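Structural overview for review
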Amino acid sequence: MHERVLKMIENLETPGNRLKTGLLLVPPSRLAQAEEIAARLLADVEDIAQIARNAVPQASRYAGLGASRIGQWLDDISQQSTGQKRALVVNLDLLLAGVSESERAQVWYHVRQGMPHRRRVVLVLMPDGAEHLLPPLQEWEKTNRCARL
């Protein structure tokens, strides 16, 4: 596994660290290898798009996507007490593509600042180069919470 990724995870797992969320950027061609990446990171794959599909009421065709719903699903993932102590969240890019730019910014703010003291380290797997879906990376990189594979 890439050394920078391992350093990021080590940083996130430091005792007393308040925020345990990171961003893992991969070439789009590697998104399909999420299971393999998760296994190498000793993480569970958490498909947030599947969570959204499961949230669609039977009589509806829509999940009611919005920043607060996506944030709640991420909170639920971060607080799970079963499985690995690390979660690799996949397909967040699909949900972010379906919300406004301002809601996208709210989701990223929540991921970066709004989930303190969680049970699990949450790594969000995103396609590198999808700038319109990604947050400004400078703050993430400055705090060693972003790595590229």
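Before going into details, it helps to say that this report is about the structure given with it.

This paragraph deals with the environment of Leu12. Along the chain, Leu12 falls in helix H1 (residues 3-12). We classify Leu12 as buried; its relative accessible area is 0%. Separated by 34 residues in the primary sequence, Leu12 and Glu46 have C-alpha atoms spaced 18 Å apart. Discounting chain neighbours no more than four positions away, the residues touching Leu12 are Asn17, Leu19, Lys20, Thr21, Gly22, Val121, Leu123 and Arg145.

Moving on, we come to the sheet that holds strand E2 (residues 44-47). Whether parallel or antiparallel, the strands of a sheet pair through hydrogen bonds between backbone atoms. As summarised here, the arrangement of the 5 strands in space is E2-E3-E4-E1-E5, forming an open sheet in which the pairing is parallel. At either end of the open sheet lies a strand with only one pairing partner, and these are E2 and strand E5 (146-148). With strand direction ignored, the average angle separating the axes of adjacent strands in the sheet is 25°. In this structure, strand E1 (residues 21-26) lies alongside E5, joined through 3 bridges in parallel fashion. Across the sheet, the residue bridging to Leu25 is Arg148, located in E5.

With that settled, the discussion passes to the packing of aromatic side chains. In total, this model carries 1 aromatic pair according to the counting rule given. Taken together, a centroid distance of 5.9 Å and an interplanar angle of 90° make the contact between Trp108 and Trp140 edge-to-face. One end of the pair, Trp108, is in helix H6 (residues 101-113); the other, Trp140, is in helix H7 (residues 137-142), and 32 residues separate them in sequence. Like Trp108, the residue Trp140 is buried in the burial classification. The cationic tip of Arg145 hangs over the ring face of Trp140; the distance from NZ or CZ to the ring centre is 5.3 Å.

Calculation rules
- In this numbering scheme, every chain counts its residues from 1 along its sequence in written order.
- Note on the predicted model: pLDDT of at least 70 is required for a residue's local features to be given, and 80 or more for side-chain atom pairs to be given and counted; whole-chain, interface and lining totals, by contrast, use all residues.
- For side-chain calculations, the full set of non-hydrogen atoms in the structure is used, while hydrogens and water are omitted.
- Helix numbers and strand numbers start at the N terminus; a helix is a DSSP run of H or I with at least 4 residues, a strand a run of E with at least 2.
- Burial here depends on accessible area, computed with a 1.4 Å probe over protein chains only, as a share of the maximum for the residue type. Under 20% is buried, over 50% is exposed, and the range in between is partly exposed.
- Residue contacts follow a heavy-atom distance rule, with two residues in contact if any of their heavy atoms lie within 4.5 Å.
- A pair of strands counts as paired when DSSP detects no fewer than two bridges linking them.
- Orientation is described by axes fitted as lines to C-alpha atoms, over the contacting stretch for helices, and by angles from 0 to 180 degrees between their N-to-C directions.
- Between the rings of Phe, Tyr and Trp (Trp by its six-membered ring), a pair exists once the centres lie within 6.5 Å; its type follows the angle of the planes, with under 30 degrees stacked, over 60 edge-to-face, and the other angles tilted.
- Charge over a ring is defined by NZ of Lys or CZ of Arg lying within 6 Å of the ring centre and within 35 degrees of the ring normal.

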